[in-house]
Amino acid sequence: MSHYAQQPIDNYQVSLQKNFPPGTKGVWAEQKDNGRYSLIEEEISLPAAVILQSAVESNIRWMQAFANQHQVKLCPHGKTSMTPYLFKRQLEQGAWGMTIATPAHAEIAAMAGAQNIIMANQLVGKTNMAEVARLQSCFDVNFYCSVDSTLNVEQLSNFFAERGQQVKVFIELGVAGGRCGVRGIEAATELAKRIHQLPGTALAGVEVYEGVISGDDAEARVRAFIAETAEFAKSLKDQGLIDTKDAIVTGAGSAWYDVVAETFSQYNDLLPVIRPGCYLTHDTGIYDVAQKKVMDRAEKNKGVACRLGGDLKNALEVWACVVSTPEPGKAVIGMGKRDASYDAGLPVAERGFRNGSAIDIDGLIATAVMDQHTFVDVPANCDLQVGDVIAFSTSHPCLTFDKWRYIALADDNFTVEHWLPTQF
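- As named in an unreviewed UniProt entry, the chain is Amino acid deaminase, taken from Grimontia kaedaensis.
- UniProt, in its Sequence similarities (unreviewed entry) section for the chain, records the words "Belongs to the DSD1 family."

1. Considering the pattern of salt bridges
- Throughout the structure, instances matching the rule amount to 20 salt bridges.
- Put simply, E207 and R275 hold a salt bridge, and the shortest N to O gap is 3.0 Å. On the criterion of sequence distance, the pair formed by E207 in strand β8 (residues 201-207) and R275 in the loop between β10 (271-274) and α9 (286-301) is long-range, its members being 68 residues apart.
- Note on R275: relative accessible area 5%, which makes it buried.
- Linking E262 and R223 is a salt bridge whose minimum nitrogen-to-oxygen distance equals 3.2 Å.

2. Some words on the sheet that holds strand β3 (residues 73-74)
- Spatial strand order, β3-β10-β9-β8-β7-β6-β5-β4: eight strands in an open sheet with parallel pairing. With one partner strand each, in any of the chains shown, β3 and β4 (98-100) form the two edges of the open sheet.
- Across four bridges, the pairing between strand β9 (residues 248-251) and β10 is parallel. Bridge pairing in β10 links T250 to V273.

3. Overview of helix α2 (residues 84-92)
- Of all nine residues that make up α2, seven are buried, and the element is covered over most of its length.
- Next to the buried residues of α2 lie β2 (48-52), α1 (53-70), β4, α3 (103-111), α10 (398-401) and β19 (415-421).
- Directly beyond the C-terminal end of α2, a positive phi value near 120° is found at G94.

4. Details of the pairing of strand β12 (residues 330-333)
- Summarising the sheet, strand β11 (residues 316-327) and β12 pair through three bridges and their orientation is antiparallel. The partner of V322 across the bridge, within β12, is I333.
- Counted along the chain from β11 to the antiparallel partner β12, the turn is two residues long, and its residue G329 has a positive phi close to 80°.
- Two elements, β12 and strand β16 (residues 374-377), share four bridges in a ladder whose sense is antiparallel. Each bridged residue has a counterpart across the sheet, and for A331 the counterpart in β16 is V376.

5. Examining the state of the cysteines
- Tallied over the full model, the rule gives zero disulfides.
- Among the cysteines around C75, which has no disulfide bond, C145 carries the closest sulfur, lying 14 Å off.
- With no disulfide of its own, C398 lies closest to C278 among cysteine sulfurs, the gap being 3.7 Å.

6. Quick look at unusual backbone geometry
- Note that the residue after L46, namely P47, is joined by a cis bond; omega there is 10°.
- For P47, the position within the fold is in the loop between β1 (37-38) and β2.
- Even without a glycine there, the phi angle at A252 is positive, about 90°.
- Examined against the element boundaries, A252 turns out to sit in the loop between β9 and α8 (257-264).
- For A252, a relative accessible area of 1% corresponds to the buried category.

7. Points about the environment of D269
- Among the structural elements, D269 can be located in the loop between α8 and β10.
- Taking the C-alpha atoms as reference points, D269 and I248, separated by 21 residues in sequence, lie 9.4 Å from one another.
- Setting aside residues up to four positions removed in sequence, D269 forms contacts with K234 and K237.

8. Structural notes on the side chain of D283
- Considering the arrangement of structural elements, one finds D283 in the loop between β10 and α9.
- At 8.3 Å, K292 is the nearest oppositely charged side chain to D283, a buried residue that forms no salt bridge.
- Within the structure, D283 has its side chain in polar contact with the backbone nitrogen of G285 (distance 3.0 Å).
- A polar contact is formed between the side chain of D283 and the backbone nitrogen of D288, at a distance of 2.9 Å.

9. Here we look at the packing of helix α6 (residues 185-197) against helix α7 (residues 218-238)
- Axis separation between α6 and α7 bottoms out at 11 Å; the angle between their running directions is 35°. With respect to the hand of their crossing, α6 and α7 are arranged in right-handed fashion. On α7, the residues that touch I185, A188, T189 and A192 of α6 are E228, F232 and L236.
- When its residues are assigned to classes, the contact of α6 with α7 shows five nonpolar, one polar and one charged.

10. With respect to helix α5 (residues 150-162)
- For α5, built from 13 residues, the straight-helix expectation of 18 Å at 1.5 Å per residue is met to within 8% by its first-to-last C-alpha distance of 18 Å.
- Those residues of α5 that fall on the buried side of the exposure criterion are N152, V153, L156, S157, F159 and F160.
- Against the buried residues of α5 lie β5 (116-122), α4 (126-138), β6 (142-147), β7 (167-172), α6 and β8.
- In the segment just after α5, G164 is the residue with positive phi, at about 70°.

11. Quick notes on the layout of surface pockets
- Taken as a whole, the largest pocket holds about 780 Å³ of empty space.
- Taken together, 33 residues form the lining of the largest pocket, with Y209, G211, G253, S254 and A255 sitting closest to its centre.
- Mapped by element, the contributors of at least two residues to the lining of the largest pocket are β5, α7 and α9.
- Residue contributions to the lining of the largest pocket peak at six residues, all from α9.

12. Looking at the environment of A368
- Summarising the element assignment, A368 is placed in strand β15 (residues 365-369).
- For the pair A368 and V56, spaced 312 residues apart in sequence, the C-alpha to C-alpha distance is 28 Å.
- Apart from residues lying up to four places away in sequence, A368 is in contact with L346, H373, T374 and F375.

About the thresholds
Residues numbered from 1 in each chain as written. Predicted model: local features only at pLDDT ≥ 70, side-chain atom pairs only at ≥ 80, totals over all residues. Heavy atoms only, no water. UniProt positions renumbered as here; feature names shortened; annotations may be inferred. Salt bridge = Lys/Arg side-chain N within 4 Å of Asp/Glu carboxyl O. Helix = DSSP H or I, 4+ residues; strand = E, 2+ residues; numbered from the N terminus. Buried < 20%, exposed > 50% of the residue type's maximum accessible area, 1.4 Å probe, protein only. Pairing = 2+ DSSP bridges. Contact = heavy atoms within 4.5 Å. Disulfide = S-S within 2.5 Å. Lys, Arg positive; Asp, Glu negative; His and termini not counted. Polar contact = N/O pair within 3.5 Å; in protein donor to acceptor, adjacent residues only side chain to side chain. Axes fitted to C-alpha atoms, helices over the stretch in contact; angles between N-to-C directions. Left-handed = near helix turned anticlockwise from the far one by under 90°. Nonpolar A, V, L, I, M, F, W, Y, C, P; charged D, E, K, R; others polar. Expected span 1.5 Å × (residues − 1). 1 Å grid on protein atoms, 1.4 Å probe; cavity = no way out; pocket = protein on both sides within 12 Å on 5 of 7 lines; lining within 4 Å. Points joined across faces, edges and corners; volume = space filled by probe spheres on them.

So this is what it looks like as structure tokens:
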């Protein structure tokens, strides 16, 4: 049983929170009567992870509008934030469900109100299966997981049938050299027939992750793979092998969701579901690059993305102080690997403040990170001082979120009134 499962369900909170014990990472050191704390006036202990409320709400609306225009269902990948309040906001704005990576994550999604939960992974291990069986007993949810082997299918069927349950499964199609997934339509069809025969499994459709495809011809290969996936899902339905009301076809990470939605939406007899996750807070790194490609494809092909108005915005920052200026042209920031992602590019300085007023930080470049420190090059015309406050954006938001128990929710004046608990 997961540690989440030991919490009373009715005590689980997905709401905004205001008051936490002093000393909690990222929480103010001195309580204020009005409950409003200014980042630029240094009323919050730094470093702190910060979500810009207007930007994140804009991103939620933008992606939901994109899905609606394509007539596909949106099932955002919750592993990005693992923040129940943000799950709730995505669901309230029209998301069909939530995608997760583990059974423990699935329970968090159910508690946040998701009625459709896709575990974009294989369900392996008796305790993990028991967690899903409990989930299906306690919540009115449709839970789906992926399968790519006969052995796993038989393990699942035996476990759930013994408990008088079924688990809904997607056949995962894979690509050579990629990640999980059946290699080849013939083998996948044989697996579908086996699933259809077993009492504890119900075939619900086909799942893919096209993000493993790369190279100069990536777009053409992704389009071909997604078309093959949709055709395979249609063939399973035509053969009577789908055991659920809807034949679902699902794919799309945060790089190719436009291509996936465009292709899937052509199949009226399937239920198409896309699963991007990082759009929620976006970034100024790898997903900013990916989104620019989405918009370029939309401009070229007269696609939906360029007709929605606006675009995704970076909504996640880490704020920290300059702690040392040990030599000319160099400064050390009190923020490191334990505070911000660094796997896909170093943090980027966005704005700076001193005594509540903005300062010019143009040309400030992060060059290296350690556990608790970030080194930055300081141009000669930048008067950076110890104690200055710098807001940094990051690349790959998943690995910034998971470093924080609470994340500040800031308005456009960088005032914080609420905190978002994460549940990793």
